[in-house]
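Here is what each chain is made of, one letter per residue.
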Amino acid sequence: MPLTIGVPRETFAGEKRVATVPEVVEKLIKLGFAVVVESGAGDAANCGDDAYRAAGAEVVADAASLFAKVDIVFKVRAPNGDEVGMLKEDTTLIGFIWPAQNPELMQALAARKVTVLAIDALPRQLSRAQKMDALTSQAGVAGYRAVIEAANAFGRFFNGQITAAGKVPPAKVFIAGAGVAGLAAIGTAAGLGAIVRANDTRAEVADQVKSLGGEFVKVEYEEEGSGGGGYAKVMSEGFQQAQRDMYAQQAREVDIIITTALIPGKPAPKLITAEMVKSMKPGSVIVDMAAEQGGNCELTEPGQIVVKHGVTIVGYTDLVSRLAKQSSTLYSNNLFRLTEELCKTKDGIINVNMEDDAIRGLTVIKDGSITWPAPPLKLPAPAAKPAAAAAAPAAKKGHGHGGASEPMSAKSLATVFGVGAVVFGLVGLYAPATFLAHFTVFVLACFIGYMVVWNVTPALHTPLMSVTNAISSIIAIGALIQVAPPLTGAADGRPTQLILGLAVFGLTLTAINMFGGFAVTRRMLAMFRK
């Protein structure tokens, strides 16, 4: 018998998100499930009861009625005591649980003999788990909203302007932490025209920062900062001191600081001291995205916006809820993708397969037994460095599609030209004059083509091919000659209907080739520009 999914109203103070939006309800029903929604569950996210009914869901009056008739519960926040008490035995609960921070909740849920899938425990190292990664989707929303809050509290434009009333310099924004939220903030701030700087303990994110229009500020201390699961690790005291010095310098120079540093299960590290706040220019802004876990700034007051030493410090803990519709849509899509993995038969029955690495990582309680933490993932071993080094010379030898193209040596090039000159001389002695003219053009075209391809970065070969493809449409001249009088092919000097038709058809194809080639080239080259 198909199972029923329940979507209760969130009870956490200030939470405006809803676990499933009407658009996703339709998809869940197609998987074979029935869906029940508590009345008013989506009101704060602009998802009214009528929209749920139109999507095929049943709307019930209260949480007690909902919990009594559902087999699966979709939630955003972890359930409170009353909600835990309403869970039936054998119910499956899916949502943010944070098992490490909530041991008492874990015990209470286990006592109800339910199965709990914590979306925050998803093994993010698995590439196929990305579609279910709610931490990433929600962090992206939070990073975007943090910039909006900063712009709201800041007293100037983000972008620089020169007007009749005077010159406005661009705002300088420093973002501490270039994870998902930080990268979203970088892209948003750069899009608004600000000068953006960012730092992260993981050196590999420097290219990502630059690709979004930011400048990566490096700490003058060599230490690898990558931790497990896509997070940064806790750094040594020497690194932290060098980092504080860098933060102090940035605080004096920039107008806005956005902090995102947070490792799950640990208090937020204090990156911005009271002295740094005092050194900032009057009117500056700090948005502390780690406020819910104590904050990265010493003067942050969680849930509040305060002004200290002339600096506005935004400590909102509900940044994601401030874009409730967007965040709810992304979160419900994450849950839908998870449901697809649980119900591959599309018959409304889920299978919590503990042999599946992604599902095993999510499952923190199975039929009343606590299964968290999950065993370490068996990830494929990294390729041996000597093998990679040995393969590099071999790759350099190839040309064309098999490897990176490199110019010939001077000796080889001289040999090729010498042989070509001899062949060209022999052809010139015995070939007709008309052939020689065409042959000269052919040889020059081959030479130019060779030099163009071999002296262009391999990454640009595809746009190069598309533009040369467009240029090759010069053959359209042949078709134009056939169309325009006076021409041979008919007694009166005009082309026959067959030749005229073929010429027009050829013109059509070459026009598509020409304009399409230049259009493709423009789009591809845009990918290489910031």
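Refer to the structure above for everything that follows.
None of the values given here were measured: they were computed from a predicted structure. (Residues numbered from 1 in each chain as written. Predicted model: local features only at pLDDT ≥ 70, side-chain atom pairs only at ≥ 80, totals over all residues. Heavy atoms only, no water.)

### Considering the sheet that holds strand S17 (residues 369-370)
- One open sheet holds the eight strands; their spatial order is S3-S2-S1-S4-S5-S6-S16-S17, and the pairing between them is mixed. The sheet is open, and its two borders are formed by strand S3 (58-60) and S17, each paired with just one other strand.
- Here helix H5 (residues 103-111) sits on the sheet in contact with strand S5 (92-95), strand S6 (115-118), strand S16 (363-366) and S17, set at roughly 35 degrees to S16.
- The strands that helix H11 (residues 324-342) touches are strand S4 (72-74), S5 and S6; relative to S5, the one it contacts most, it runs at about 140 degrees. (Pairing = 2+ DSSP bridges. Helix = DSSP H or I, 4+ residues; strand = E, 2+ residues; numbered from the N terminus. Contact = heavy atoms within 4.5 Å. Axes fitted to C-alpha atoms, helices over the stretch in contact; angles between N-to-C directions.)

### Some remarks on unusual backbone geometry
- Residue proline 373 is bonded to the preceding tryptophan 372 through a cis peptide linkage, with omega at 0 degrees.
- Mapped onto the fold, proline 373 is located in the loop between S17 and helix H13 (385-397).
- The phi angle at aspartate 90 is positive, at roughly 75 degrees, despite the residue not being glycine.
- Mapped onto the elements of the fold, aspartate 90 is located in the loop between helix H4 (81-86) and S5.
- Despite not being glycine, tryptophan 98 shows a phi value in the positive range, around 55 degrees.
- Turning to its location among the elements, tryptophan 98 is positioned in the loop between S5 and H5.
- On the accessibility criterion, tryptophan 98 (28% relative accessible area) is partly exposed. (Buried < 20%, exposed > 50% of the residue type's maximum accessible area, 1.4 Å probe, protein only.)

### Let's talk about the pattern of salt bridges
- Taken as a whole and assessed by the stated rule, the structure comprises 23 salt bridges.
- A salt bridge links glutamate 10 to lysine 75, with the shortest nitrogen-to-oxygen separation between them at 3.1 Å. One end of the pair, glutamate 10, is in the loop between strand S1 (4-7) and helix H1 (22-30); the other, lysine 75, is in the loop between S4 and H4, and 65 residues separate them in sequence.
- Owing to a relative accessible area of 8%, glutamate 10 belongs among the buried residues under this scheme.
- We classify lysine 75 as buried; its relative accessible area is 1%. (Salt bridge = Lys/Arg side-chain N within 4 Å of Asp/Glu carboxyl O.)

### A few points about the packing of helix H6 (residues 134-153) against helix H7 (residues 180-191)
- Relative orientation of the contacting elements H6 and H7 amounts to 40 degrees, with a least axis distance of 7 Å. With respect to H7, the axis of H6 lies oblique. The two elements H6 and H7 cross, and the hand of that crossing is right-handed. Between H6, through Thr136, Ala139, Gly140, Gly143, Tyr144 and Val147, and H7, the contact on the second element is made entirely by Val180, Ala181, Ala184, Ala185, Thr188 and Ala189.
- When its residues are assigned to classes, the contact of H6 with H7 shows eight nonpolar, four polar and no charged. (Parallel < 35°, antiparallel > 145°, perpendicular 65-115°, else oblique. Left-handed = near helix turned anticlockwise from the far one by under 90°. Nonpolar A, V, L, I, M, F, W, Y, C, P; charged D, E, K, R; others polar.)

### Here's the deal with a nonpolar patch on the surface
- Together, Phe417, Phe447, Ile448 and Met451 make up a nonpolar patch on the protein surface, roughly 360 Å² of accessible area in all.
- Summarising the element assignment, phenylalanine 447 is placed in helix H15 (residues 433-454).
- On the basis of relative accessible area, phenylalanine 447 is assigned to the partly exposed category, the value being 37%. (Patch = residues over 30% accessible without salt bridge, like charges linked within 9 Å, V, L, I, M, F, W, Y side chains within 5 Å. Areas by Shrake-Rupley, 256 points an atom, 1.4 Å probe, with all protein chains shown as cover.)

### A look at the environment of threonine 188
- As for its placement among the helices and strands, threonine 188 is situated in helix H7.
- Given the relative accessible area of 13%, threonine 188 is considered buried.
- With 44 residues separating them in the primary sequence, threonine 188 and tyrosine 144 have C-alpha atoms 6.0 Å apart.

### A word on the pairing of strand S10 (residues 195-199)
- Counting buried positions along S10 yields four of five residues, so the element is predominantly enclosed.
- When strand S9 (residues 172-176) meets S10, the two strands line up parallel, connected through five bridges. Bridge pairing links alanine 176 to asparagine 199 in S10.
- Handedness of the crossover joining S9 and S10 through H7 is recorded here as right-handed.
- Pairing of S10 with strand S11 (residues 215-216), which is carried by two bridges, proceeds in the parallel orientation. Each residue of the ladder has a partner; that of alanine 198, found in S11, is phenylalanine 216.
- Considered for its hand, the β-α-β crossover made up of S10, helix H8 (residues 206-211) and S11 is right-handed. (Right-handed = clockwise from strand over helix to strand, strands pointing away.)

The analysis is restricted to geometry; functional conclusions fall outside its scope.
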